[in-house]
Amino acid sequence: MHVLATILADGWLLIMLLLSLMIAAWWGELAGIRPGRDKSGLGGFAAIYMFLPLRWLGLAILLPSWTWIGVHAALGALSAFGFERGLLRVQHDREVPMLLGLLGACLPVPAWSIAFLAVHDLATTGRAGLLTGLMLIGLHALTFLLRRGDLRRVRPLPPPEPIELPHK
């Protein structure tokens, strides 16, 4: 029975990880918008306010203590507040600092680490905790950087099409 519970918890963690990486990509997109660029797609960021609570609840279910749930709640509120601040910066034609975006993308890592370690009955200190945290920071940071880099990439303009003059 313990093995089945672990497999189900790992499946849940995988779903939450994919959701978390999607949110990290949104942080990358927000931090990749340059001043003076088109902002017509900012309304799409409203979806993050649906997915942030889903990730929060999904991880809170697996946390081993009320203390960690409280820390997770504080980090979740900080993430939502930070995203809102970043969105306001973009709306006022200012850039979102890379450090703010990277921090926002990596904020769920402590809860992730503790949830993973709790599911697998591993100690919350030592090598397992360090490796889990580093792996999760790497995944979230890489997702953020790839999405930000995609928006920052300079794309060459296509060559102009020749203009045909009417024949007389």
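Predicted, not measured: the structure shown is a model, and the values here were computed from it.

About the cut-offs
For every chain, the first residue of the written sequence is number 1, and numbering continues from 1 along that sequence. In keeping with the predicted nature of the model, local features appear solely for residues at pLDDT of at least 70, side-chain atom pairs appear and are counted solely at 80 or more, and the whole-chain, interface and lining totals rest on all residues. Think of the side-chain values as coming from all heavy atoms in the structure, minus any hydrogens and water. We define the nonpolar core as a collection of buried residues of types Ala, Val, Leu, Ile, Met, Phe, Trp, Tyr and Cys that are connected through side-chain atoms lying within 4.5 Å of one another. Buried, partly exposed and exposed residues are distinguished by accessible area as a fraction of the type maximum, computed with a 1.4 Å probe on protein chains only: under 20%, between the cut-offs, and over 50%, respectively. Numbering of helices and strands starts at the N terminus; helices are DSSP runs of H or I of at least 4 residues and strands are runs of E of at least 2. Contacts were defined at the residue level, with two residues in contact if any of their heavy atoms lie within 4.5 Å. To pair, rings of Phe, Tyr and Trp, with the six-membered ring standing in for Trp, must have centres within 6.5 Å; the planes then decide the type, stacked if under 30 degrees apart, edge-to-face if over 60, and tilted in the middle. Helix axes are fitted only over the stretch in contact, all axes being lines through C-alpha atoms; the angle between N-to-C directions runs from 0 to 180 degrees. Should the near helix be turned counterclockwise from the far one by less than a right angle, the crossing is left-handed, whereas a clockwise turn marks it as right-handed. The pLDDT value expresses, per residue, how confident the predictor is, ranging between 0 and 100. Salt bridges are counted wherever a side-chain nitrogen of Lys or Arg sits within 4 Å of a carboxyl oxygen of Asp or Glu. The patches reported here contain residues having more than 30% relative accessible area and no salt bridge. Joining distances are 9 Å for like charges and 5 Å for nonpolar side chains (Val, Leu, Ile, Met, Phe, Trp, Tyr). Where accessible areas are quoted, they stem from the Shrake-Rupley method and a 1.4 Å probe; at the residue level, only the protein chains shown are allowed to cover. Any helix carries an expected span of 1.5 Å times its number of residues minus one.

Engineer: Hey, could you run me through the nonpolar core in this one?
Structural biologist: For soluble globular proteins, the rule of thumb is that nonpolar side chains tend to be buried together. Core analysis: the biggest nonpolar cluster contains 19 residues, and L13, L59, L62, L63, W112 and A115 have the highest contact counts within it. The set of elements that each furnish at least two residues to this core consists of α1 (2–32), α5 (109–119) and α6 (127–152). Once residues lying within four places of it in the same chain are set aside, the contact partners of L63 are W68, I69, H72, A111, I114 and A115. Residues L30, L42, I48 and L52 belong to the second largest nonpolar core, which totals 18 residues.

Engineer: It is not clear to me how the packing of aromatic side chains should be interpreted in this structure. Could you clarify?
Structural biologist: Describing an aromatic ring pair means giving the distance of the ring centres and the angle of the ring planes. Enumeration according to the criterion identifies 4 aromatic pairs in this entry. When the centroid spacing of 5.1 Å and the interplanar angle of 90° are considered together, the rings of W27 and F83 count as edge-to-face. Of this pair, W27 sits in helix α1 while F83 sits in helix α3 (residues 66–91), and the two are 56 residues apart along the sequence. Residue classification places W27 among the buried residues on the basis of a relative accessible area of 1%. The buried category is assigned to F83, whose relative accessible area is 0%. A connected cluster of aromatic rings, assembled from ring pairs, spans W27, F45, Y49 and F83.

Engineer: Sorry if this is basic, but what is going on with the packing of α1 against helix α2 (residues 48–60) here?
Structural biologist: Two elements in contact, α1 and α2, have axes separated by 10 Å at closest approach and are oriented at 145°. Along this stretch, α1 crosses α2, giving a crossing that reads as left-handed. Note on element contacts: α2 touches α1 through I48, F51, L52, L54, R55, G58 and L59, opposite W12, L13, M16, L19, S20, M22, I23 and W26.

Engineer: What is the right way to read the confidence of the model for the protein chain from this model?
Structural biologist: Low-confidence regions, as indicated by low pLDDT, have predicted coordinates that should not be scrutinised in detail. For the protein chain, the mean per-residue pLDDT works out to 88, and 96% of the residues sit at or above 70. Mean pLDDT across the elements of the protein chain ranges from a minimum in α5, with 87, to a maximum in helix α4 (residues 98–106), with 94.

Engineer: Sorry, what's going on with the environment of L8 here?
Structural biologist: Here L8 shows up in helix α1. Along the backbone, L8 and V119 are 111 residues apart, and their C-alpha atoms lie at a distance of 9.9 Å.

Engineer: Teacher, can you tell me more about the pattern of salt bridges here?
Structural biologist: Side chains carrying opposite charge are able to pair once their charged atoms draw close together. On inspection of all chains with the given rule, the structure shows 4 salt bridges. Linking R147 and E29 is a salt bridge whose minimum nitrogen-to-oxygen distance equals 3.3 Å. Remark: E29 occurs in helix α1 and R147 occurs in helix α6; sequence separation between them is 118 residues. Given the relative accessible area of 25%, R147 is considered partly exposed. Since its relative accessible area comes to 24%, E29 is described here as partly exposed.

Engineer: Just checking my understanding: could you explain a nonpolar patch on the surface for this structure?
Structural biologist: There is a patch of nonpolar side chains on the surface, built from W12, I15 and I61 and spanning about 320 Å² of accessible area. The topology assignment puts W12 in helix α1. On the accessibility criterion, W12 (36% relative accessible area) is partly exposed.

Engineer: Quick question: what am I supposed to make of α3 here?
Structural biologist: Helical periodicity: at 3.6 residues per turn, an α-helix aligns residues three or four positions apart in one direction. Helix length check: α3, at 26 residues, gives a terminal C-alpha distance of 37 Å against a target of 38 Å (1.5 Å per residue), a fit within 8%. Packed against the buried residues of α3 are α1, α2, α4 and α5. In the stretch just after α3, D93 is the one whose phi turns positive, near 60°.

Engineer: So what exactly am I meant to see when it comes to α6 here?
Structural biologist: Spanning 26 residues, α6 covers 36 Å between terminal C-alpha atoms, matching the ideal 38 Å at 1.5 Å per step. Among all positions in α6, only G129, T132, G133, L136, H140, A141, T143, F144, R148 and R152 are buried. Where α6 is buried, its residues contact α1, α4 and α5.

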